[in-house]
Amino acid sequence: MEELAGEAGITVRTLRFYRERKLIPPPRREGRIAWYDEDHLARLRTIAALLERGHTLNGIAELAEAFDHGRDVGELLGLGAPTEETPVRLSPEELADVFAGQATPENLAAALDLGYLATDGTDLVHISRRLLDTSAALVREGIPLADVLAAAHRVREHADALAELFTTLVLTTGTADRTPEDLQRLRPLAKNVVEAELSMALDRRLSRRLQP
């Protein structure tokens, strides 16, 4: 404990306080010896960085609980399904910077539940660079992150329905004996249809908004 406190630049008393508040995970024990590792040190440095940014210990404790109970990155990325998305690894403080202080425990829990985020030790992994960049851009435009995530839940429902529709169209209609490999090969056609229809739907909404 003394070695860990020294590496983190805090007192042993502070470290004990963090342990009591469950801000750091318990050490690995061998008999009466408690072993701390690099993950504990990284967590302490994260706590220090969040405190410097004005977060309270109560808020950090809620974030720590969300980290410790979030989806594992292996669970998130080990689905075996084809994907065109590029995952992004972030520290908690980097995530806080991306979303201008809106990475609250509530928003973090919503992102974990949605499957946008997973935990990997003391780091976070966002499932998609495109979704991360788009979400951050919407927040910069003044849309609260909570509303962005709520909209994402609705988008997910519609996207799942569209994927089911296209899967049924390809695999169960017509006379061809198609396979999942054919579905993978034809997926760009589904994306083209969805993108074109969404573009035209936005045109219709914009036209209505501009009418006197």
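Residues numbered from 1 in each chain as written. Predicted model: local features only at pLDDT ≥ 70, side-chain atom pairs only at ≥ 80, totals over all residues. Heavy atoms only, no water.

Asker: So what's going on with the side chain of Arg-43? Which residues, and what values?
Answerer: Counting through the fold element by element, Arg-43 comes out in helix α3 (residues 38-52). The exposure class of Arg-43 is buried, given its relative accessible area of 6%. At 2.9 Å, the side chain of Arg-43 and the backbone oxygen of Leu-23 are in polar contact. (Helix = DSSP H or I, 4+ residues; strand = E, 2+ residues; numbered from the N terminus. Buried < 20%, exposed > 50% of the residue type's maximum accessible area, 1.4 Å probe, protein only. Polar contact = N/O pair within 3.5 Å; in protein donor to acceptor, adjacent residues only side chain to side chain.)

Asker: I'd love a proper account of the side chain of His-126, names of residues and values included.
Answerer: Mapped onto the secondary structure, His-126 falls in strand β5 (residues 123-126). Looking at His-126, the relative accessible area reads 3%, which means it is buried. Those residues in contact with His-126 that lie beyond four places of it in its chain are Pro-87, Val-88, Leu-90, Tyr-116, Leu-117, Leu-131 and Leu-132. (Contact = heavy atoms within 4.5 Å.)

Asker: Quick one: what's the story with the sheet that holds strand β3 (residues 88-90), residue by residue and with numbers?
Answerer: Here we have three strands laid out as an open sheet, ordered β3-β5-β4, and antiparallel in their pairing. Strand pairing shows two members of the sheet lacking a second neighbour, β3 and β4 (117-120), which therefore form its edges. Neighbour-to-neighbour, the strand axes of the sheet open up by a mean angle of 30°, direction not taken into account. Pairing of β4 with β5, which is carried by four bridges, proceeds in the antiparallel orientation. (Pairing = 2+ DSSP bridges. Axes fitted to C-alpha atoms, helices over the stretch in contact; angles between N-to-C directions.)

Asker: Lay out the packing of aromatic side chains with the relevant residues and their values.
Answerer: Within this structure, the stated rule accounts for one aromatic pair. Summarising the aromatic geometry, the rings of Phe-17 and Tyr-18 are spaced 6.3 Å apart at their centres and angled 50° between planes, so their arrangement reads as tilted. A relative accessible area of 34% means that Phe-17 is categorised as partly exposed. Residue Tyr-18 is classed as buried on the basis of its relative accessible area of 8%. (Phe/Tyr/Trp six-rings, centres within 6.5 Å; stacked < 30°, edge-to-face > 60°.)

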